[in-house]
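Residue-level structure breakdown
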Amino acid sequence: MALGDYITASSSYLNCNNYQNLQTVLSLIENSCMPFISLEDLDDIKTISGRDLNLLLEKLTEKDENGSLTSIIRNIRLKIQKAPKLNINKDDTL
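Bear in mind that the values here come from a model prediction, so they are computed numbers and not experimental data.

**Some points on the pattern of salt bridges**
- The final tally for this structure, using the stated rule, is two salt bridges.
- Among the ionic pairs, arginine 51 bridges to aspartate 5, the shortest N-O distance being 3.2 Å. Residue arginine 51 is located in the loop between helix 3 (39-49) and helix 4 (53-63), and its partner aspartate 5 is located in helix 1 (residues 2-15); the two are separated by 46 residues in the primary sequence.
- Taking the shortest distance from any N to any O, the salt bridge between aspartate 52 and lysine 46 comes out at 3.6 Å.
- Assessed through its relative accessible area of 44%, lysine 46 is described here as partly exposed.

**Some thoughts on helix 2 (residues 19-33)**
- Under the 1.5 Å per step criterion, the end-to-end length of helix 2 is 20 Å for 15 residues, consistent within 8% with the ideal 21 Å.
- Here the buried face of helix 2 lies against helix 1, helix 4 and helix 5 (70-82).

**Here we look at the environment of leucine 56**
- Topologically, leucine 56 is positioned in helix 4.
- The class of leucine 56 is buried, set by a relative accessible area of 2%.
- C-alpha separation for the pair leucine 56 and isoleucine 73, spaced 17 residues apart in sequence, amounts to 9.7 Å.
- Ignoring any residue separated from it by four or fewer positions in sequence, one finds leucine 56 in contact with Ile7, Ser10, Ser11 and Leu26.

**Digging into the nonpolar core**
- By size, the foremost hydrophobic cluster in this structure holds 21 residues, and its most contacted members are Leu3, Leu26, Ile29, Leu53, Leu60 and Ile76.
- Among the secondary structure elements, those contributing two or more residues to this core are helix 1, helix 2, helix 3, helix 4 and helix 5.
- Top element by residues in this core is helix 2. It accounts for five residues.

**A few points about the environment of aspartate 43**
- Summarising the element assignment, aspartate 43 is placed in helix 3.
- A relative accessible area of 47% means that aspartate 43 is categorised as partly exposed.
- Considered as a pair, aspartate 43 and leucine 53 are 10 residues apart in the sequence and their alpha carbons are 9.5 Å apart.

**As for the side chain of glutamate 30**
- Topologically, glutamate 30 is positioned in helix 2.
- Buried charged residue glutamate 30 carries no salt bridge. Nearest counter-charge: lysine 79, at 4.2 Å.
- Engagement of the side chain of glutamate 30 in a polar contact is seen with the side chain of asparagine 75, the distance being 3.2 Å.
- Dropping the residues within four chain positions of it, glutamate 30 is found in contact with Pro35, Ile72, Asn75, Ile76 and Lys79.

About the thresholds
Per chain, residues are indexed from 1 in the order of the written sequence. This being a predicted model, a pLDDT of at least 70 is required before a residue's local features are given, and a value of 80 or more before pairs of side-chain atoms are given or counted; all residues contribute to the totals for chains, interfaces and linings. Hydrogens and waters are ignored; side-chain quantities use all the structure's heavy atoms. The salt bridge criterion pairs a side-chain nitrogen of Lys or Arg with a carboxyl oxygen of Asp or Glu, the two atoms within 4 Å. The numbering of helices and of strands both runs from the N terminus, where a helix is a DSSP run of H or I of at least 4 residues and a strand a run of E of at least 2. Working definition: with a 1.4 Å probe on protein chains only, accessible area under 20% of the residue-type maximum means buried, over 50% means exposed, and in between means partly exposed. For a helix, the expected span equals 1.5 Å multiplied by the number of residues minus one. When checking whether two residues touch, look at their non-hydrogen atoms; a contact exists if any pair is within 4.5 Å. We call a set of buried Ala, Val, Leu, Ile, Met, Phe, Trp, Tyr and Cys residues a nonpolar core when their side-chain atoms join them within 4.5 Å. For this count, His and the chain ends are skipped, Lys and Arg are scored as positive, and Asp and Glu as negative. As used in this structure description, the phrase polar contact means that two N or O atoms lie within 3.5 Å; if the pair is within protein, one of them must be able to donate a hydrogen and the other to accept it, and residues adjacent in sequence are counted only when both atoms belong to side chains.

Structural data, given as structure tokens:
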């Protein structure tokens, strides 16, 4: 799943202080992944690949000294809170 790869990339960019690419990947997480992710999906990604979006957000908050990532961190957390519990595929209901 792309979200898992984006979490890994974000962690790598954070570790090497590459904030330009970090912001790009975080925008992809926020706008391209989160609208389609359920809480079940987030748990699956964490269980299967060990990639934890909430842990990434904690690390980002700790290292965001100048507050440049505050808005995107807040937006992603808000989307996590609003994510459905289960990802219901319309094809599965037919």
